[in-house]
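One-letter residues, chain by chain:
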Amino acid sequence: MNSYGTFPGARPRRLRTTPAMRRMVAETRLSPADLILPAFVREGITEPRPITAMPGVVQHSRDTLRKAAVEALEAGVSGIMLFGVPEDEKKDAAGTAGTDPDGILQVAIRDVKAEVGDDLVIMSDLCLDEYTDHGHCGVLDENGRVDNDATLERYAEMAQVQADAGVHVVGPSGMMDGQVGVIRDALDTIGKEDVSILAYTAKYSSAFYGPFREAVGSSLQGDRKTYQQDPANLRESLRELALDLEEGADMVMVKPAGPYLDVLAKVAEAVDVPVAAYQISGEYAMVEAAAEKGWIDRDKAILETLTGIRRAGAQMILTYWATEVAQKLGRPSGSGW
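To start, this report covers the structure provided alongside it. Here the structure is a predicted model, which is why all the values come from computation and not from measurement.

## Here's the deal with a positive patch on the surface
Next up, step 1: On the surface, R11, R13, R14 and R16 cluster together into a patch of positive charge.
Next up, step 2: Of note, R16 is situated in the segment before α1 (19-25).

## Some details on helix α10 (residues 298-311)
Next up, step 1: Its 14 residues place the ends of α10 20 Å apart at the C-alpha level, agreeing with the 20 Å of an ideal helix rising 1.5 Å per residue.
Next up, step 2: Looking at the buried side of α10, the elements it contacts are α8 (261-270), β9 (275-278), α9 (281-292), β10 (316-318) and α11 (322-329).
Next up, step 3: Structurally, the start of α10 carries an N-cap: the backbone nitrogen of D299 is 3.3 Å from a side-chain oxygen of D297.
Next up, step 4: Two residues or fewer past α10, G313 is found with a positive phi of approximately 130°.

## Considerations on the packing of aromatic side chains
Next up, step 1: Inspection of the entire model under this criterion finds 6 aromatic pairs.
Next up, step 2: Measuring from centroid to centroid gives 6.1 Å for Y278 and Y320, while their planes differ by 50°, and the two rings are tilted. Note that Y278 is positioned in strand β9 and Y320 in the loop between β10 and α11, a separation of 42 residues in sequence. Each member of the pair, Y278 as well as Y320, is classed as buried.
Next up, step 3: On the basis of an interplanar angle of 75° and a centroid distance of 5.8 Å, the ring pair of Y284 and Y320 is categorised as edge-to-face. Taken together, the residues span a long stretch of sequence, with Y284 in helix α9 and Y320 in the loop between β10 and α11 at a distance of 36 residues.
Next up, step 4: Judged by relative accessible area, Y284 falls into the buried class, the value being 3%.
Next up, step 5: Clustering of aromatic rings is evident, with ring pairs tying together F40, F83, Y278, Y284, Y320 and W321.

## Observations concerning the packing of helix α2 (residues 62-75) against helix α3 (residues 104-116)
Next up, step 1: The geometry of α2 relative to α3 is characterised by a closest axis approach of 9 Å and an angle of 45° between their N-to-C directions. By the angle class used here, α2 and α3 are oblique. Seen from above, α2 lies across α3 with right-handed handedness. Counted together, R62, L65, R66, A69, V70 and L73 of α2 and I104, V107, A108, D111, V112, E115 and V116 of α3 form the full contact between these two elements.
Next up, step 2: Considered class by class, the residues forming the contact of α2 with α3 number 9 nonpolar, no polar and 4 charged.

## Some words on the environment of D188
Next up, step 1: Turning to its location among the elements, D188 is positioned in helix α5 (residues 179-189).
Next up, step 2: Each C-alpha atom of the pair D188 and A108 lies 23 Å from the other, and the pair is 80 residues apart in sequence.

## A short note on the pattern of salt bridges
Next up, step 1: Scanning the entire structure with this criterion turns up 17 salt bridges.
Next up, step 2: The partner of D111 in a salt bridge is R66, and the shortest N-O contact between them spans 3.1 Å. With D111 in helix α3 and R66 in helix α2, this residue pair connects regions lying 45 residues apart in the sequence.
Next up, step 3: One salt bridge in this structure joins K328 and D299, with 3.0 Å as the shortest N-O distance. Taken together, the positions of K328 in helix α11 and D299 in helix α10 put the pair 29 residues apart, joining distant regions of the chain.
Next up, step 4: Through salt bridges with shared partners, one network takes in E288, R298, D299, E324 and K328.

## Here's the deal with the side chain of S206
Next up, step 1: Structurally, S206 is set in the loop between β7 (196-203) and α6 (210-215).
Next up, step 2: The exposure class assigned to S206 is buried, which follows from its relative accessible area of 12%.
Next up, step 3: Here F208 takes part through its backbone nitrogen, which lies 2.9 Å from a polar atom of the side chain of S206.
Next up, step 4: When sequence neighbours within four positions are dropped, the list of residues in contact with S206 reads Q228, P256 and I280.

Criteria and thresholds
- Residues numbered from 1 in each chain as written.
- Predicted model: local features only at pLDDT ≥ 70, side-chain atom pairs only at ≥ 80, totals over all residues.
- Heavy atoms only, no water.
- Patch = residues over 30% accessible without salt bridge, like charges linked within 9 Å, V, L, I, M, F, W, Y side chains within 5 Å.
- Areas by Shrake-Rupley, 256 points an atom, 1.4 Å probe, with all protein chains shown as cover.
- Salt bridge = Lys/Arg side-chain N within 4 Å of Asp/Glu carboxyl O.
- Lys, Arg positive; Asp, Glu negative; His and termini not counted.
- Charge placed at Lys NZ, Arg CZ, Asp CG, Glu CD.
- Helix = DSSP H or I, 4+ residues; strand = E, 2+ residues; numbered from the N terminus.
- Expected span 1.5 Å × (residues − 1).
- Contact = heavy atoms within 4.5 Å.
- Polar contact = N/O pair within 3.5 Å; in protein donor to acceptor, adjacent residues only side chain to side chain.
- Phe/Tyr/Trp six-rings, centres within 6.5 Å; stacked < 30°, edge-to-face > 60°.
- Buried < 20%, exposed > 50% of the residue type's maximum accessible area, 1.4 Å probe, protein only.
- Axes fitted to C-alpha atoms, helices over the stretch in contact; angles between N-to-C directions.
- Parallel < 35°, antiparallel > 145°, perpendicular 65-115°, else oblique.
- Left-handed = near helix turned anticlockwise from the far one by under 90°.
- Nonpolar A, V, L, I, M, F, W, Y, C, P; charged D, E, K, R; others polar.

In structure tokens form, the structure reads like this:
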């Protein structure tokens, strides 16, 4: 007892005294079921190809993608988001490889579906940037700008071939106006009412996409600032959110996750549909690079970043650490951490 008698009477530290106590009173819990694994599959390779800017992440061959899907499923991960990387000579101005029923992404969907069936939620990136020779997310007009409405026609075709391949969820990521409504109509027209749409509602024009460019073999010329959101804006995201929900989005996403936790929190407060956040390549690379230098504790940093995203309101987190984290969380008392 000090000179002030019983002061302080309230001692929050009592609830931090032991690991068991901290675990019992934790307000935010991270589980394997919260996680979705983004995965890249490259056409024409027989061995996985490391992505130098993302240590530990690879461009998969078809065979290694199947194995990665099974590993994620066994770890308790809920879903896998697939990105196709076509051979360079198949890229063109319209991104036709993206709507080819035998294109790499459609083949990969069928491969994974044959391997895991409905036990893992199979998701697909619905965008043209991997397939265009100019690297933009849509087709260009005569002035070299992305033509919104012409691009929507291509997205409708992409949605249908991905659905025919067996995908459970399509993820339109191009930030075209009206994309969710057009895709919903396209899916319903061919009797694919059960295919869900995960809308990339707030996808910001971010410097943190850098390593992703290598991951998908991007041919980007210029930037995407005319269609991805300005990092300075928050109200704009809420407007995008209202439009996506009106058009029929089943789930919504904020991307990137870490630099936009305020946006994520606002979105989560505003909706009654599931909310996702994408911890993108640059977020991953920063932790891995700092850990390699010995500047931070890698495992603790990973868990802290994911817990922060979950705390901000994400029910689902796309992260390149999904399988690793799920495996560790699945051990008794989270002992892997």
